[in-house]
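Close look at the chain arrangement
Listed here are the chains, written in short residue letters.
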Amino acid sequence: MGYARDYADAIKHRARVPMEPADFVPDWADRPRKGKHYPGTESFPLPESDYPSGATAEAGCLPGRQPLPECSFTLPLLSGMLRDSYGLVGRRLGVQANSDLAALPHYTQTNWSRGTASGGGLYPVSVYWACGPSGPLAPGVYHYSNQQHAMQRLLTGDVTGHVRKAAGCGGTGPDTDQFLILGVKYWQNSFKYNSFSFHVVSMDIGTVLQSWRMWARARGLRIEPAMWFDEPRLNRLLGTAEEEEGVFAVVPLTWDSGGSREPAGDGGGVPGRPAAGGTGAGEPPSVRHRDVELSRRVLSFGILERVREATAADPEARPAPAALAGAEAVPLPGTGDPLPLPPPRTGPMTVREALRGRRSSFGRFDARRPVSAEQLGTALAASAGVTLETDAEPPGGRRLVKLYAFLNHVEGFEPGAYEYDADAHALRPVVPGPHGEFLQRNYFLANYNLEQSGAVLVPTVRTEAVLDAVGDRGYRLYGATTGAVSQAFYTVCTALGLGCGVALGFDNVSYAERLGLERTGETPLLIMLLGHERSRPADFRHEIA
Ligand SMILES: Cc1cc2nc3c(=O)[nH]c(=O)nc-3n(C[C@H](O)[C@H](O)[C@H](O)COP(=O)(O)O)c2cc1C
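These numbers come from a predicted model, not from an experiment.

What counts and what doesn't
- Residues numbered from 1 in each chain as written.
- Predicted model: local features only at pLDDT ≥ 70, side-chain atom pairs only at ≥ 80, totals over all residues.
- Heavy atoms only, no water.
- Buried < 20%, exposed > 50% of the residue type's maximum accessible area, 1.4 Å probe, protein only.
- Helix = DSSP H or I, 4+ residues; strand = E, 2+ residues; numbered from the N terminus.
- Arc of directions from axis to C-beta.
- Contact = heavy atoms within 4.5 Å.
- Near = heavy atom within 4 Å.
- Polar contact = N/O pair within 3.5 Å; in protein donor to acceptor, adjacent residues only side chain to side chain.
- Areas by Shrake-Rupley, 256 points an atom, 1.4 Å probe, with all protein chains shown as cover.
- Nonpolar A, V, L, I, M, F, W, Y, C, P; charged D, E, K, R; others polar.
- Domains from an automatic or database assignment.
- Salt bridge = Lys/Arg side-chain N within 4 Å of Asp/Glu carboxyl O.
- Pairing = 2+ DSSP bridges.
- Axes fitted to C-alpha atoms, helices over the stretch in contact; angles between N-to-C directions.
- Parallel < 35°, antiparallel > 145°, perpendicular 65-115°, else oblique.
- Left-handed = near helix turned anticlockwise from the far one by under 90°.
- Phe/Tyr/Trp six-rings, centres within 6.5 Å; stacked < 30°, edge-to-face > 60°.

**Notes on helix 1 (residues 3-12)**
For helix 1, every residue scored as buried is listed here: Tyr 3, Ala 4, Tyr 7, Ala 8 and Ile 11. Taken down its axis, helix 1 places every buried residue within 140 degrees of arc, on the same side. Looking at the packing, one finds that the buried side of helix 1 touches helix 6 (197-217), helix 8 (302-312), helix 12 (463-470), helix 13 (474-495) and helix 14 (508-515).

**A few points about the site of the ligand**
Neighbouring residues of the ligand: 22 residues in total, closest Arg 92, Arg 358, Ser 360, Asn 447 and Val 502. Contacts to the ligand include Ser 118, whose backbone N or O atom sits 3.3 Å from an oxygen atom. Note that an oxygen atom of the ligand is positioned 2.6 Å from one of the side-chain N or O atoms of Ser 360. For the ligand, whose unbound accessible area comes to 620 Å², protein coverage reaches 91%. Elements with a minimum of two residues in the shell around the ligand: helix 6 and strand 14 (499-503). For the shell around the ligand, the per-class residue count stands at 11 nonpolar, 8 polar and 3 charged. Composition of the shell around the ligand by domain shows at least three residues from each of domain 1 (28-88 + 122-312) and domain 2 (323-531).

**As for the pattern of salt bridges**
Close approach of charged atoms allows side chains with opposite charge to pair. Under the defined criterion, the tally for this structure stands at 33 salt bridges. The salt bridge partner of Arg 308 is Glu 242, with a shortest N-O separation of 3.9 Å. Residue Arg 308 is found in helix 8, and its partner Glu 242 is found in the loop between helix 7 (231-238) and strand 8 (245-252); the two are separated by 66 residues along the sequence. In this structure Arg 308 comes out as buried when scored by relative accessible area, which is 4%. Among the residues examined, Glu 242 registers a relative accessible area of 34% and is labelled partly exposed. Residues joined in a network through salt bridges with shared partners are Arg 5, Glu 464 and Asp 468.

**Observations regarding the pairing of strand 14**
Counting buried positions along strand 14 gives 4 out of 5 residues, so the element sits mostly inside the fold. Of the strand pairs in this sheet, strand 14 and strand 16 (residues 527-531) are connected by 5 bridges, and their pairing is antiparallel. Counted as the bridge partner of Cys 500 is Leu 530 from strand 16.

**Section: the packing of helix 4 (residues 160-168) against helix 7**
Remark: helix 4 packs on helix 7, axes separated minimally by 9 Å, with the N-to-C direction vectors making an angle of 160 degrees. Between helix 4 and helix 7, the crossing angle belongs to the class labelled roughly antiparallel. Where helix 4 crosses over helix 7, the handedness of that crossing is left-handed. Of the residues in helix 7, those in contact with His 162, Val 163, Lys 165 and Ala 166 of helix 4 are Arg 233, Leu 234 and Leu 237. A class-by-class count of the residues in the contact of helix 4 with helix 7 yields 4 nonpolar, 1 polar and 2 charged.

**Digging into the packing of aromatic side chains**
For the structure shown, the criterion picks out 25 aromatic pairs. Ring centres of Phe 198 and Phe 248 lie 5.8 Å apart, and the angle between their planes is 40 degrees; on these two criteria the pair is classed as tilted. One end of the pair, Phe 198, is in helix 6; the other, Phe 248, is in strand 8, and 50 residues separate them in sequence. Looking at Phe 198, the relative accessible area reads 0%, which means it is buried. Residue class for Phe 248 comes out buried when judged on its relative accessible area of 0%. Aromatic rings pair up to connect Tyr 7, Tyr 186, Phe 198, Phe 248, Tyr 475 and Tyr 478 into one cluster.

Here it is as structure tokens:
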């Protein structure tokens, strides 16, 4: 077993044994941009798209809902999905308890908001679109510019054969010529989080994928990412150095090729060159445009470099569908009798409305109004139902994540720590009694009063079992799955009219000890807070999309 296990162990213990460089201070004045900058590329504005009222958050997030008849992507659908997930849709100006509050009114330090949450609000995921001949634009590689909500052409010519080949891991690859490719530009996160960075960005990938999965599912579209593929081939294609940007996921899209096509043209001065067809034979051509870095000084971190390398090794060793069977969540022994929860349901809010209305509570919880058992049960069902249906999982996915709930103020339930039994949709008591003091003592930041939340949900994964089952690249898989859980949680809480927020800044070991998780090998990976907020919190409405 490789370095990923050591890294996972260091992450788990970091509250007690600080990770190097322990005395690191970010250079905020020299921070990178929150997105890639490709000057000189031709930009194609993306069209407006509607979102039907029937495409509800309930249809997108809750397990067991009837799947819609399958349909295919079009340019307006792709545009809508990207805008609602990673496009800039508003400006954060509400009064909250974060330390950056004083900066928010200054235009140069504007915090533009997105439908998807992100660790530290750094948004390090790059989205590329490899468009083949059946697509609506000239075949090529495009970069999604979230500031402009536009596609920037990086290379002209059909290279989808190379993407298919990379995703095929020696086989034929997905039967499509449209792909979304997700990269992570490490420096965009590591300038702040240094060695911790890999842990955070692995979750960021999952937040984006889950936004897409919910958005798409509610409209009968499929998003099933591959996480094992010929990564060096894709790095060559994208013109990115693997030490600077990892390729974490490839998402094949079923495309409605009945749409109109832009004539191929000469690329309008774009220095990419046409590829030799879509067969994927030979070496891929390479994007020649380069992201222009804003930071004058880019640092590298030894621990980050080692875990990056470990999870990039053997990228084509795609696990067999049965490989993860032994890493699924298992019940905790010795819990109390199950206490049933009411059936999950949300209001009529659409996925689009929920994503656009989503935000972190950052200290605005107020326990005077308890959370109802139905609200809690709905948030638990949506979060526990998450799988990414990656290429390492059989159809329908594997249940890698389990949830615990520390109840502070929930109608009909005594305060205490519970295990969520997803099959029975019930809570099993683990540790009785109020946990407000425990929760606050084990949280690193000062921006939440955790006791004022209705409940704190804790997703856990049998992390060592995942790494044993599928190797070091499994770190990316469980990180992404946990990130996906957080995004489902945010979305469903918004649809329920609840405040919410997720956090990585907690002492994992204390939680594992409190719940007795050494018996199942589970690691607590996030804390997810939900509850009512103080009424009429000070805010300005500032939507830009
Ligand atoms: C993986 C992950 C980890 C996060 N960790 C924390 C945290 O430790 N503390 C916190 O207050 N917020 C945390 N957040 C919330 C982000 O800070 C927040 O999503 C981001 O700043 C954007 O703000 P918004 O959610 O209001 O749009 C986390 C979010 C994610 C996805």
